[in-house]
Amino acid sequence: MAGLTHFNNAGDARMVDVGAKAVTRRRAVAEGLIRMRPETLALIERGEHRKGDVLGVARIAGIMGAKRTADLVPLCHPLSLTRVEIALTVRAEDSSVYCQATVETSGQTGVEMEALCAVQVSLLTVYDMCKAVDRGMTIESVRLLEKAGGKSGDWMRAPEST
């Protein structure tokens, strides 16, 4: 199991000991989107959805999702987050709502899982609020874009070639 830190030498799952790691500033950015019918996107964009402000509720849900990541992902450390920013953008060109989450902390472990969880929860909230009018929505392309800080240093996703 070399390289997989969540397993001990016997192959059993474990929570990684980060106690000896230095406290550093850490940041992660993740993205994803939810595709839907153009009519559904128009309801969201015009603010005419009968359940209210879909993007506002999804933004709050994403923040809450980042804060509760350790409750959802069994081996994640509970972290004191210093910043969670959720940006939601309506994209008419592909009938989607794009989400980007930025999460920061000063701590001994990174916030990649918190950023990914924030995106997922934001997009799941859009789905939940709109499922009555469009059950065919698809959440896709959820991925880490970048991380900064910690022993492993900075990482950025390479731009995709077209």
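Residue positions within a chain follow its written sequence, with the count starting from 1. In keeping with the predicted nature of the model, local features appear solely for residues at pLDDT of at least 70, side-chain atom pairs appear and are counted solely at 80 or more, and the whole-chain, interface and lining totals rest on all residues. Values shown for side chains rest on all heavy atoms present in the structure; no hydrogens or waters enter the calculation.

(A) Inspection of helix α2 (residues 54-67) at higher detail. Numbering of helices and strands starts at the N terminus; helices are DSSP runs of H or I of at least 4 residues and strands are runs of E of at least 2. A helix is expected to span 1.5 Å multiplied by its residue count minus one. Taking 1.5 Å per residue, 14 residues should reach 20 Å; α2 reaches 20 Å between its end C-alpha atoms and fits that length. Each residue is placed in one exposure class: buried if its accessible area under a 1.4 Å probe, protein chains only, is under 20% of its type's maximum, exposed if it is over 50%, and partly exposed if it falls in between. Considered for burial, the residues of α2 that qualify are Val 54, Leu 55, Gly 56, Ala 58, Ala 61, Gly 62, Gly 65 and Ala 66. We call two residues contacting when some pair of their heavy atoms lies within 4.5 Å. On the buried face of α2, the contacting elements are α1 (38-46), α3 (69-72), β2 (81-91), β3 (96-107) and α4 (112-130).

(B) Seen up close, the side chain of Thr 40. Checked against the element boundaries, Thr 40 lands in helix α1. Classification of Thr 40 as buried rests on a relative accessible area of 1%. If near-sequence neighbours (up to four positions away) are discounted, Thr 40 is found in contact with Cys 130, Val 133 and Asp 134.

(C) Here's a closer look at the pattern of salt bridges. Salt bridges are defined as contacts in which a side-chain nitrogen from Lys or Arg sits within 4 Å of a carboxyl oxygen from Asp or Glu. What the rule picks out here adds up to twelve salt bridges. Here Glu 104 and Arg 83 are joined by a salt bridge, their closest N and O atoms 2.8 Å apart. A residue pair is termed long-range when its members are at least 10 positions apart, and Glu 104 in strand β3 and Arg 83 in strand β2 qualify at 21 residues. Judged by its relative accessible area of 12%, Glu 104 falls in the buried class. What emerges from the salt-bridge pattern is a single network uniting Arg 35, Arg 91, Glu 93, Asp 94 and Glu 140.

So, to be careful, I would describe these as geometric facts and stop short of saying anything about function.
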